[in-house]
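Single-letter residue listing:
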Protein chains: 2
Amino acid sequence: MNTPISKKINIQKVDKSRIDQVDFDKLVFGNVFSDHMFECDFKDGVWQNPTIKAYGPLTISPAAKVFHYGQAVFEGMKAFKDEEDKVWLFRPDQNAKRINKSAARLAIPEFPEDLFFEALTTLVSMDREWVRKGPGNSLYIRPFVFATQAGVGASPSTEYKFMILMSPAQAYYTGDIQVEIAEHYSRSANGGVGAAKAAGNYAAQFFPTNLARERGFQQIIWTDASTHEYLEEAGTMNVFFRVNDTLLTAPISDRILDGVTRKSVIDLAKRDNIAVEERRVLVSEIVEAAKNGSLKEIFGAGTAAVISPISAFSFQNKTYEIEKQEDSFAAKFKKELTDIQRNLSEDPFGWRFEVV
Amino acid sequence: MNTPISKKINIQKVDKSRIDQVDFDKLVFGNVFSDHMFECDFKDGVWQNPTIKAYGPLTISPAAKVFHYGQAVFEGMKAFKDEEDKVWLFRPDQNAKRINKSAARLAIPEFPEDLFFEALTTLVSMDREWVRKGPGNSLYIRPFVFATQAGVGASPSTEYKFMILMSPAQAYYTGDIQVEIAEHYSRSANGGVGAAKAAGNYAAQFFPTNLARERGFQQIIWTDASTHEYLEEAGTMNVFFRVNDTLLTAPISDRILDGVTRKSVIDLAKRDNIAVEERRVLVSEIVEAAKNGSLKEIFGAGTAAVISPISAFSFQNKTYEIEKQEDSFAAKFKKELTDIQRNLSEDPFGWRFEVV
Ligand SMILES: Cc1ncc(COP(=O)(O)O)c(C=O)c1O
Ligand SMILES: Cc1ncc(COP(=O)(O)O)c(C=O)c1O
């Protein structure tokens, strides 16, 4: 393994990898981190001092604005290794753009896309041993930015830190997911920050999700906060409903994350001549479809869980079970998507990006 | 200055105070911190190791959940010094309770109220030199809790840190505040976290507030996210409207912070035989009152700015100026409130709490 050369990034390679200490068959999602991390500071109006160094703790003021005012946004992406040991990213341009869209909404300065790519590819390349072959295995990549200026005045920070961490992940078998449809709590408001991958959006979901768990449901499908009549998305996945052979999914709005997996599923469906409707979907419509048997599938789509079939949903204290389909769309899209991601099929859309 | 004795708290007093380096006549709000800070960690299901030590940087994992999922809540309160050098807090029980209400909504474990008090009073007592006498001077106190567990799985943290920082503050003369009434962006959703002092609520307001500033308005009065027809609160203040001699203010809901200053103003108004209506207030009603001359005052109420008169508001691209009142309610409540806070008047409500 050579240290890649970067003209822009100061690279401090670890003396010895920690990889031998990791049991790759017993990974808990997001708990183990690779040897290196990237960091870059925003100060005096410029991003400066981009550095790759050993993964390890930070020193930060307890008055840093991230702790008080939550200025923090992130991304989630994955690297895959094919049978020839080539390493691939999936649509990384989408994440580079989306983190800046999120940042803008939180009054955080944008991070230069070229430096995002250089940091990402250099880091993945250095830690390529951490990307494991085989179905379900990946290296989860977490770019994020947060406010570091020390000060408890309620105004945007003048200083930030952009970082990338990487965590090896296994196929994340969640079992059958049963979900609750939100009737009281909500995830985001019109004119709010729901469309941003803002840190605060996630903390807001933990308590309602705990309540749902106590009732036996692993996740919540959020509805619009004004009426709770329209289906929106899950905590970390966009959601698709298959009614007969048509796919329905909520349109992108300022309340919903514009998911990369979601848009890829839509493109695959179109290619496969499956009808997709991006439109507001009424809860009542899905309840009706469940009752009359036209609701064939519900599945979530997101980077971490890829495609996640939902076997039952609850609404107004009734649980509706969804029968397993022989010709499952969820299974089909999961295979098509992961085959492209892992270089096991053609890539007609140009979604794969090789890290050399 | 003696080190107070605490049976519970490990106290590490600084060798030398930094107070001589501080120019108390040139304070920027929230930028200078007193000699000591309090910290206490939640681990293995219990709050442990409560410590007072020198204000200074923390060491924390970059994977700490606060950076990724925004689990963080805070409080804001003030200590005042009277002419006899006695130091007073204002309704600290309210903050001790509210931080736990906020914590519960964000799936953060509650902090024991008795330890909150012991930490608060011990810390203020140790740094009592930092509380300055004289009108407008105070020591701003910032208790806060944030998630420290290292892990990028989207679930509640198992570890947290509770801290208290303190920052000397001067009368914070903001000049005449002109506000914009929100017509597109919003602060919180029904069933969301608006009633919690959650870090993410503040970051969400920075971008829309920047836009308002560019148009010449310092703050936004938020409206309900569903219709934008009802007035709610400002970024860090609850808002009162005086129509003729009646005060109107939005009722507490899951979208609005239950402000200590707000409830104190309501109690003062009742005592003073001023009619107060806690009810939903239509934007159209206030616009109408501005047009027909019955709108006498608008003011914000919050710990940092105390009572903050608003001299103009903008709605649908029209700006409505509010004439200065001879018998200003804002000025009256400000004097009554600060007189109680600074031990310059009776305290019929039992709001003052002496720190010995
Ligand atoms: C709220 C939310 N919705 C949807 C998604 C799915 O987005 P993507 O497919 O880009 O991972 C995510 C992120 O993973 C998310 O956090
Ligand atoms: C959103 C919001 N509203 C209102 C207030 C006023 O509350 P208090 O009077 O308790 O300071 C604050 C806090 O200061 C706040 O952050």
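Residues numbered from 1 in each chain as written. Chains lettered and ligands numbered in written order. Predicted model: local features only at pLDDT ≥ 70, side-chain atom pairs only at ≥ 80, totals over all residues. Heavy atoms only, no water.

A.B. asks: Help me understand the UniProt feature "modified residue: N6-(pyridoxal phosphate)lysine" (unreviewed entry) in chain A, please; the structure alone is not making it clear to me.
C.D. replies: All names here are of chain A. Following the UniProt record, one finds the feature "modified residue: N6-(pyridoxal phosphate)lysine" (unreviewed entry) at Lys197. Residue position: lysine 197 is located in the loop between β10 (177-181) and α4 (199-214). We classify lysine 197 as buried; its relative accessible area is 11%. Residues in contact with lysine 197, not counting those within four places in the same chain, are Ala72, Val73, Phe74, Glu75, Gly76, Arg98, Ser102, Tyr202 and Leu257. (UniProt positions renumbered as here; feature names shortened; annotations may be inferred. Helix = DSSP H or I, 4+ residues; strand = E, 2+ residues; numbered from the N terminus. Buried < 20%, exposed > 50% of the residue type's maximum accessible area, 1.4 Å probe, protein only. Contact = heavy atoms within 4.5 Å.)

A.B. asks: Would you mind going over the domain arrangement of chain A with me for this structure?
C.D. replies: By convention, interface size is frequently given as the accessible area that disappears when the constituent parts associate. Residue and element names in this part refer to chain A. Segmenting chain A into domains produces domain 1 (10-170) and domain 2 (177-341). Relative to domain 2, the C-alpha centre of domain 1 lies at a distance of 27 Å. Contact residues are listed per partner, giving 20 residues for domain 1 and 21 residues for domain 2. Of the roughly 1,700 Å² buried between domain 1 and domain 2 on both sides combined, carbon and sulfur atoms contribute 60%. (Domains from an automatic or database assignment. Buried area = accessible area lost by both parts, 1.4 Å probe.)

A.B. asks: Help me out: how do you make sense of helix α6 (residues 283-292) of chain B in this one?
C.D. replies: One turn of the α-helix equals 3.6 residues, which is why residues spaced by three or four share an orientation. Residue and element names in this part refer to chain B. If you check which residues of α6 are buried, you get Val283, Ile286, Val287 and Ala289. Taken down its axis, α6 places every buried residue within 160 degrees of arc, on the same side. Following α6 by one or two positions, glycine 293 has its phi on the positive side, about 85 degrees. (Arc of directions from axis to C-beta.)

A.B. asks: It is not clear to me how the interface of chain A and chain B should be interpreted in this structure. Could you clarify?
C.D. replies: Between chain A and chain B, the residue contacts involve 61 residues of the former and 61 residues of the latter. Where chain A abuts chain B, roughly 4,700 Å² becomes buried across the two surfaces, and 66% of that area is made up of carbon and sulfur atoms. On inspection of chain A and its partner chain B, the count reaches zero salt bridges. Where chain A packs against chain B, one counts 21 residue pairs in polar contact (both at pLDDT 80 or more). The element that contributes the greatest number of residues to the side of chain A that touches chain B is α4 of chain A, accounting for nine residues. Of the residues assigned to the side of chain A that touches chain B, the class counts are 37 nonpolar, 21 polar and three charged. Examined bridge by bridge, strand β4 (residues 58-60) of chain A and strand β4 (residues 58-60) of chain B share three bridges and lie antiparallel to one another. What sits directly across from isoleucine 60 of chain A, in β4 of chain B, is leucine 58 of chain B. (Salt bridge = Lys/Arg side-chain N within 4 Å of Asp/Glu carboxyl O. Polar contact = N/O pair within 3.5 Å; in protein donor to acceptor, adjacent residues only side chain to side chain. Nonpolar A, V, L, I, M, F, W, Y, C, P; charged D, E, K, R; others polar. Pairing = 2+ DSSP bridges.)

A.B. asks: Please explain the site of ligand 1 as it appears in this structure.
C.D. replies: Residues and elements named next belong to chain A. Taken together, 16 residues are adjacent to ligand 1, and Lys197, Tyr202, Glu233, Thr261 and Thr303 come closest. Glutamate 233 is positioned with one of its side-chain polar atoms (N or O) 2.5 Å from a nitrogen atom of ligand 1. Contact between ligand 1 and threonine 261: an oxygen atom at 2.5 Å from a side-chain N or O atom of the residue. With the chains in place, 97% of the 390 Å² that ligand 1 exposes on its own is no longer accessible. Secondary-structure elements contributing two or more residues to the shell around ligand 1 are α5 (260-271) and β17 (295-302). Partitioned by chemical class, the residues of the shell around ligand 1 number five nonpolar, seven polar and four charged. (Near = heavy atom within 4 Å. Areas by Shrake-Rupley, 256 points an atom, 1.4 Å probe, with all protein chains shown as cover.)

A.B. asks: I would appreciate a short explanation of the site of ligand 2 in the present structure.
C.D. replies: Residues and elements named next belong to chain B. Lining the immediate surroundings of ligand 2 are 16 residues, of which Lys197, Tyr202, Glu233, Thr261 and Thr303 lie closest. A distance of 2.8 Å separates an oxygen atom of ligand 2 from a polar atom in the side chain of arginine 98. One of the side-chain N or O atoms of threonine 303 is found 2.6 Å from an oxygen atom in ligand 2. Expressed as a share of its isolated accessible area of 380 Å², the protein-covered part of ligand 2 is 96%. If you list the elements that add at least two residues to the shell around ligand 2, you get α5 (260-271) and β17 (295-302). In the shell around ligand 2, the residues fall into five nonpolar, seven polar and four charged.

A.B. asks: Got a minute to help me understand the nonpolar core in this structure?
C.D. replies: Soluble globular proteins tend to bury their nonpolar side chains together. By size, the foremost hydrophobic cluster in this structure holds 92 residues, and its most contacted members are Phe67 of chain A together with Phe38 and Phe67 of chain B. Residues contacting phenylalanine 67 of chain A, with those up to four places away along its chain left out, are Ile60, Ser61 and Pro62 of chain A together with Leu58, Ile60, Val66, Phe67, Ala72, Phe144, Phe146 and Ala199 of chain B. Ranked by size, the runner-up nonpolar core spans 45 residues in total, among them Val22, Ala79, Ile164 and Ala196 of chain A. (Core = buried A, V, L, I, M, F, W, Y, C linked by side-chain atoms within 4.5 Å.)

A.B. asks: Quick question: what am I supposed to make of the environment of lysine 291 of chain B here?
C.D. replies: Residue and element names in this part refer to chain B. Topologically, lysine 291 is positioned in helix α6. Under the relative-accessibility criterion, lysine 291 is labelled exposed at 56%. Considered as a pair, lysine 291 and tyrosine 320 are 29 residues apart in the sequence and their alpha carbons are 8.1 Å apart.

A.B. asks: Teacher, can you tell me more about the packing of helix α2 (residues 92-105) of chain A against helix α3 (residues 113-126) of chain A here?
C.D. replies: A pair of packed helices can be characterised by two numbers: the angle between their axes and the separation between those axes. Residue and element names in this part refer to chain A. Between α2 and α3, the least distance of the axes is 10 Å, while the angle of their chain directions is 130 degrees. In terms of orientation, α2 and α3 fall into the oblique class. Both α2 and α3 take part in a crossing whose hand is right-handed. Two secondary-structure elements touch here, α2 through Pro92, Asp93, Asn95, Ala96, Lys97, Ile99 and Asn100 and α3 through Glu113, Phe116, Phe117 and Leu120. Each residue belonging to the contact of α2 with α3 can be placed in one class, and the counts come to six nonpolar, two polar and three charged. (Axes fitted to C-alpha atoms, helices over the stretch in contact; angles between N-to-C directions. Parallel < 35°, antiparallel > 145°, perpendicular 65-115°, else oblique. Left-handed = near helix turned anticlockwise from the far one by under 90°.)

A.B. asks: How should I be thinking about unusual backbone geometry in this particular structure?
C.D. replies: Glycine aside, the phi torsion of most residues is negative, and most peptide linkages are trans. Residue and element names in this part refer to chain A. One non-glycine residue, asparagine 49, lies in positive phi territory at about 60 degrees. Tracing the sequence through the fold places asparagine 49 in strand β3 (residues 46-54). In this model, asparagine 317 sits at a positive phi of 65 degrees, which is unusual for a non-glycine residue. Structurally, asparagine 317 can be placed in the loop between β18 (306-315) and β19 (318-321). You can call asparagine 317 exposed: its relative accessible area is 80%.

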